[in-house]
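The lines below spell out each chain.
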Amino acid sequence: MEKYDLVVRGKIVAEDEVVQGQIGVKDGKIATIQPADAKLEGEKVLDFANAYVFPGTIDVHVHCFSNPNEGIIPTSMSAAAGGITTFLDMPYDLPNPIANVEIFEKKVKQLEEEAVVDMCLWGTIAKTGGTDQIVPLAEAGAVAFKMSTFETDAYRFPRIPDPEILKAMELIKETGLRAAFHSENDEIIVDMIDQYKRENKVYPKAHNETRPPVTETSAVLKLMELAYWTGVKLHIVHVSHPRTIDLINAFKAQGVQVTSETCYPYLLLDVDALDKFGPKAKNNPPLRQPDEVAGLWKHLEAGNIELISSDHAPWGPEHKNPGNDNIFKASSGMPGVEIMTPLMFDSTVAKGKMTPVQFAKVMAQHPAEVFQIPGKGKIAVGYDADFAVIDPEQTWVVDETKFRSYSKMSPFHGQEVKGKIISTIVRGTTVYDGEEVTVEPGFGSFVPGSAYKGAAVGGRKL
């Protein structure tokens, strides 16, 4: 009788059904899926009884290095504790954005030495004159390209001018990868913030008021029209408003290949959190009105939003507290990789708003499909043995002081959550046992994008 390296038992969340069953793992891959009464033998057996064995979460939107005090080790340890088995790290690193092959390859090397879970890397381009790096970055293994219509920093996080966007889209189309955008209307926002500052309107909700919904929808509309004419695959990140999804649906109906994500804070918080938590609840785009949040939920439940991401931004008090007296002085973003999966489970599956299968699709399968990540995202024979195991009966309380991230500031601090991550498994190896991260930095692997032209990636170690 065949002996597997690992046998995992529990409520298996497969692509189309939940089965009380077991998974046989060989060489880091799923070798067989069998009913509970099959006699599978393993060198190691993990019996999770009535806990859900989900495909490992894939978080497509993470910023390890927007704060150099964070980096790969704390983020990937946080990810492991949060049921995330693969994450896609954004290219807006300090001090240098990932806008050429030399910097990209240095980051791959660092990832291979430091990651605890598997990682893909985004590429980007310089504000002008950087499009010649697109094809080389794709061939070096970039998973997709991130650009912005809003300027955070002219060098690190620039607003890309329209002629450059058009050139970039044409080149990205050739690679088959996705062009993704932070979509906010820079001119309107800058003008409104200037006006608010002149009038000394610097209270927390001023962040929402200076970024009204039209600043998101107008930017998205322009990008979709450019995608219509170039034929590129487009992805809109961190959608905060239901109107954006209405527009996306209209362009999908015209044949534009456009996908979208929202982030867990846009579903779980509204604009009142800015008054309650101040800078802790500041992110871009801003939190919206309660009725707008309800509209996002309707789109999610209707299947109109492909996936949910964290937009993990690991700011400490030195970046957030200056905003206590003037919201415009605080950095935007909040940490998320450690808490997103259980918070979303608590607000969907635990409350009957989603089936476990639907949850697995937005947290794992769709991210893998949208970004063409082979062997990831679902529990099926031949796929990587990546699992997030959630005990639906356990409750726990979010404690920001215990985050593994450099950022120990979250508006979710003190919230009770139903559904606890009790194990995270990457390629058949337990990386988190419900209490501790159980592997050393360097266990994680670089997962190249679909246009990769490098050496054959066996166990994905280069």
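Criteria and cut-off values
- Residues numbered from 1 in each chain as written.
- Predicted model: local features only at pLDDT ≥ 70, side-chain atom pairs only at ≥ 80, totals over all residues.
- Heavy atoms only, no water.
- Helix = DSSP H or I, 4+ residues; strand = E, 2+ residues; numbered from the N terminus.
- Rg over C-alpha atoms; globule rule 2.2 N^0.38 Å.
- Buried < 20%, exposed > 50% of the residue type's maximum accessible area, 1.4 Å probe, protein only.
- Contact = heavy atoms within 4.5 Å.
- Areas by Shrake-Rupley, 256 points an atom, 1.4 Å probe, with all protein chains shown as cover.
- 1 Å grid on protein atoms, 1.4 Å probe; cavity = no way out; pocket = protein on both sides within 12 Å on 5 of 7 lines; lining within 4 Å.
- Points joined across faces, edges and corners; volume = space filled by probe spheres on them.
- Nonpolar A, V, L, I, M, F, W, Y, C, P; charged D, E, K, R; others polar.
- Phe/Tyr/Trp six-rings, centres within 6.5 Å; stacked < 30°, edge-to-face > 60°.
- Lys NZ or Arg CZ within 6 Å of the ring centre and 35° of its normal.
- Axes fitted to C-alpha atoms, helices over the stretch in contact; angles between N-to-C directions.
- Pairing = 2+ DSSP bridges.
- Expected span 1.5 Å × (residues − 1).
- Parallel < 35°, antiparallel > 145°, perpendicular 65-115°, else oblique.
- Left-handed = near helix turned anticlockwise from the far one by under 90°.
- Salt bridge = Lys/Arg side-chain N within 4 Å of Asp/Glu carboxyl O.

J.: Describe in detail the overall build of the protein chain, supporting the description with residues and values.
T.: For the protein chain, the helix and strand inventory stands at 14 helices and 15 strands. By the compact-globule yardstick of 23 Å for 462 residues, the protein chain fits well, its C-alpha radius of gyration being 21 Å. Looking at the protein chain as a whole, 61% of its 462 residues are labelled buried. Restricting to contacts in the protein chain with at least 6 residues of sequence separation, those with at least 24 account for 74%. Summed over all atoms, the accessible surface of the protein chain reaches about 16,800 Å², with 50% contributed by carbon and sulfur.

J.: Explain unusual backbone geometry to me, and be specific about the residues and the numbers.
T.: Backbone torsion omega between Leu94 and Pro95 reads 5°, so that peptide bond is classified as cis. Residue Pro285 is reached from Asn284 by a cis peptide bond, and omega for that bond is -15°. Note that Pro285 resides in the loop between α10 (272-277) and α11 (290-301). Of note in the backbone geometry, Asp27 takes a positive phi value of approximately 55° without being a glycine.

J.: Lay out empty space enclosed by the protein in plain terms, naming residues and giving numbers.
T.: Over the atoms, a rolled probe matching the size of one water molecule traces out where space is still vacant. This model, assessed by the stated rule, comprises 4 cavities of 30 Å³ or more. The space that makes up the largest cavity amounts to roughly 50 Å³. Lining the largest cavity are His238, Cys263, Pro265, Tyr266, Asn283, Ser310, Asp311, Gly333 and Met334. Class assignment of the residues belonging to the lining of the largest cavity gives a composition of 4 nonpolar, 4 polar and 1 charged.

J.: Explain the packing of aromatic side chains residue by residue, including any values.
T.: Under the criterion given, the structure shown has 10 aromatic pairs. Their ring planes at 70° and their centres at 5.3 Å tell us that Trp122 and Phe371 sit as a pair that is edge-to-face. Remark: Phe371 occurs in the loop between α14 (356-370) and β13 (387-397) and Trp122 occurs in the loop between β7 (118-121) and α3 (134-140); sequence separation between them is 249 residues. Each of the two residues, Trp122 as well as Phe371, counts as buried. We note Lys201 situated over the ring of Tyr196; from NZ or CZ to the ring centre the distance is 4.4 Å. Above the ring of Trp297, the side-chain terminus of Lys353 is found at 3.9 Å from the ring centroid.

J.: Requested: an account of the packing of helix α8 (residues 242-253) against α11, with residues and values cited.
T.: Put simply, α8 and α11 touch, their axes get as near as 8 Å, and they point 35° apart. Judged by residue contacts, Pro242, Ile245, Asp246 and Asn249 of α8 engage Glu292, Gly295, Leu296 and His299 from α11. A class-by-class count of the residues in the contact of α8 with α11 yields 3 nonpolar, 3 polar and 2 charged.

J.: Tell me what's going on with the sheet that holds strand β1 (residues 3-13), and back it up with residues and numbers.
T.: Taken in spatial order, the 7 strands make up an open sheet running β3-β2-β1-β4-β13-β14-β15, and their pairing is mixed. Two strands lie at the open edges of the sheet, namely β3 (29-35) and β15 (429-432), each paired on one side alone. Across this sheet, the average inter-strand angle for adjacent strands is 30°, counted without regard to direction. The strands touched by helix α13 (residues 340-347) within the sheet are β4 (41-55), β13 and β14 (416-426), with β14 carrying the most contacts at an inclination of about 130°.

J.: Got a sec to walk through α11? Specific residues and values, please.
T.: Between the first and last C-alpha of α11 there are 17 Å, a value that for 12 residues agrees with the 16 Å anticipated at 1.5 Å per step. Taken as a whole, α11 has its buried residues at Glu292, Val293, Gly295, Leu296, Trp297, His299 and Leu300. Looking one or two residues past α11, Gly303 carries a phi angle of roughly 85°, positive in sign.

J.: Any chance you could break down the packing of helix α1 (residues 72-81) against helix α2 (residues 101-114) for me, citing the residues and the numbers?
T.: Their axes nearest at 10 Å, the elements α1 and α2 cross at an angle of 55°. With respect to α2, the element α1 is oriented oblique. α1 and α2 meet at a crossing whose hand is right-handed. Packed against α1, whose contacting residues are Ile72, Ile73 and Ser76, the element α2 presents Gln110, Leu111 and Glu114 at the interface. The class makeup of the residues in the contact of α1 with α2 is 3 nonpolar, 2 polar and 1 charged.

J.: Kindly report on the pattern of salt bridges, identifying the contributing residues and their values.
T.: Evaluation of the coordinates by the stated rule reveals 22 salt bridges. Taking the shortest distance from any N to any O, the salt bridge between Lys127 and Glu151 comes out at 2.5 Å. Residue Lys127 is found in the loop between β7 and α3, and its partner Glu151 is found in the loop between β8 (145-148) and α4 (162-175); the two are separated by 24 residues along the sequence. The closest approach of N and O atoms between Lys351 and Asp346, which form a salt bridge, is 3.4 Å. A relative accessible area of 9% places Asp346 in the buried class.

J.: Describe the environment of Val370, naming the residues involved and giving the relevant values.
T.: Positionally, Val370 belongs in helix α14. Under the relative-accessibility criterion, Val370 is labelled buried at 7%. In the structure, Val370 is positioned 217 residues away from Asp153 in sequence and 28 Å away in space, judged by C-alpha atoms. When sequence neighbours within four positions are dropped, the list of residues in contact with Val370 reads Arg178, His235, Thr259, Glu306 and Leu307.

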